[in-house]
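As a plain string of letters, each chain reads:
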Amino acid sequence: METTRKLIRKQSLEKLYAHLSGSRKIYAPVTAANKQVDYKYNPPYAEVASDHIRSTLSVKNIVFPKVENLFLFTNNRTESTITDIELFKIPEVVLWGAHPCDTAAFDVLRSIFCWDTKDEFFSQRVEKLTVIGFACHKSDDYCFCTSTGLSPDSSKGSDILLSRLQNGDYVADIITEKGNAILDSCPGLFEAAPDEKPVITEVKVKFSHEQVTAKLANAFEHPFWIENSLRCIGCGACAYVCPTCACFDIQDETKGKNGKRYRSWDSCGFGLFTLHTSGHNPRQVQSQRWRQRIMHKFSYMPDRNESLGCVGCGRCSSGCPVDMNISEQLEALQNI
Ligand code: SF4
Ligand code: SF4
């Protein structure tokens, strides 16, 4: 679909929010008392954040929940019964205020969850999702979207992309049919597009992801991994905050005869992640786990999924308790 450009005034944005929340759940960013920004369902418009650089956690929870039931079961002496999760009950949701790195991450997740077989849980949630993205007018040194082929005003993954003008009004780019349906449902809120250019932050290109991928092809045994992972404590925070990390664990939980099988987020940074029942662990030390994280995102995924496994949001670096900085490491890797 060809993109349509419109203007939406500051005061009309609140009306759009109210209009959308009349028929669907809204998942929007809110600033907590400790200044951290986190997404919540249906916050009042007055509490919605629009000036933050990045939320603490990404928005992947909306299509890949931290914990998700896969089925319920009952075990009797002679037989077991399984009850499917009623996926048709997943509600329609509008994601409001996500930045371009986070919206682009949905495509990365799709390349994983729909790679060989289609994950119905993920697919149903994506189908019920409409995304109102907000281009970035602020950034910091942790941001490196431009090194991963994106930009602070990329419309990838957005149904409507809003970009702020100097006076606080917004340019609205209507990208998809879902976006068009919103425009058609409240045309009075949108006006003719202005000539003025929106305020978009600049994000410096730090490395070439093509060069990093090429270097990784022969870097498996390089001392780089040991030298650059010595301070990693294997806490897994980098995977939990990441919009594209998709590893999960599967567990059964029972109470009496009844139980549920669920999946929950996991991390390749954990020592137990690859521990076999035999006691053997193919990734015995942290440097092997750190290498896996980088290799997966910048070598294995471009090869198998035709997608980088990173959108340059900088969350893993800003959230790391020991200041492991992924963009600095990728910049260094480019030159080994
Ligand atoms: S957040 Fe930092 S310390 Fe924790 S596993 Fe990731 S790189 Fe290692
Ligand atoms: S690896 Fe780090 S910078 Fe890349 S998408 Fe994940 S959290 Fe963001």
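For the structure given in this document, a descriptive report is provided here.

Rules and cut-offs
Residues numbered from 1 in each chain as written. Chains lettered and ligands numbered in written order. Predicted model: local features only at pLDDT ≥ 70, side-chain atom pairs only at ≥ 80, totals over all residues. Helix = DSSP H or I, 4+ residues; strand = E, 2+ residues; numbered from the N terminus. Rg over C-alpha atoms; globule rule 2.2 N^0.38 Å. Buried ≥ 20, exposed ≤ 12 C-beta atoms within 10 Å, placed from the backbone. Core = buried A, V, L, I, M, F, W, Y, C linked by C-beta atoms within 7 Å. Contact = placed C-beta atoms within 7 Å. Pairing = 2+ DSSP bridges. Near = placed C-beta within 6 Å. Nonpolar A, V, L, I, M, F, W, Y, C, P; charged D, E, K, R; others polar. Axes fitted to C-alpha atoms, helices over the stretch in contact; angles between N-to-C directions.

1. Here we look at the overall build of the chain
Counting its regular elements, the chain contains 10 helices and 12 strands. In terms of overall dimensions, the chain is globule-like: its C-alpha atoms have a radius of gyration of 21 Å, near the 20 Å expected for 336 residues. Considered along the principal axes of its C-alpha atoms, the chain spans approximately 65 × 60 × 40 Å. Expressed as a percentage of its 336 residues, the buried residues of the chain come to 36%.

2. Concerning the nonpolar core
By size, the foremost hydrophobic cluster in this structure holds 70 residues, and its most contacted members are Leu95, Leu162 and Val311. No other element matches helix α2 (residues 100-113), which puts 6 residues into this core. The contacts of Leu162, once residues within four sequence positions are left out, are Ile8, Ile132, Phe134, Ala135, Tyr170 and Ala172.

3. Overview of the sheet that holds strand β1 (residues 4-8)
Taking strand neighbours across the sheet as the criterion, the 8 strands line up as β3-β2-β6-β7-β8-β9-β1-β10 in an open arrangement whose pairing is mixed. The strands lining the two open edges of the sheet, one partner per strand, are β3 (37-41) and β10 (191-192). As paired elements, strand β2 (residues 25-31) and β3 share 5 bridges and run antiparallel to each other. For Thr31, the partnering residue across the bridge sits in β3 and is Val37.

4. A closer look at the site of ligand 1
Taken together, Cys232, Ile233, Gly234, Cys235, Gly236, Ala237, Cys238, Gly269, Cys320, Pro321, Val322 and Met324 form the complete shell of residues around ligand 1. Within the shell around ligand 1, the residues separate by chemical class into 9 nonpolar, 3 polar and no charged.

5. Concerning the sheet that holds strand β5 (residues 80-84)
Taken in spatial order, the 4 strands make up an open sheet running β5-β4-β12-β11, and their pairing is antiparallel. Where the open sheet ends on each side, the last strands, each with one partner, are β5 and β11 (248-255). Each strand of the sheet is rotated relative to its neighbour by a mean of 25 degrees, with strand direction disregarded. Sheet topology note: the strand β4 (residues 67-75)/β5 ladder contains 5 bridges and is antiparallel. Bridge pairing links Leu72 to Thr83 in β5.

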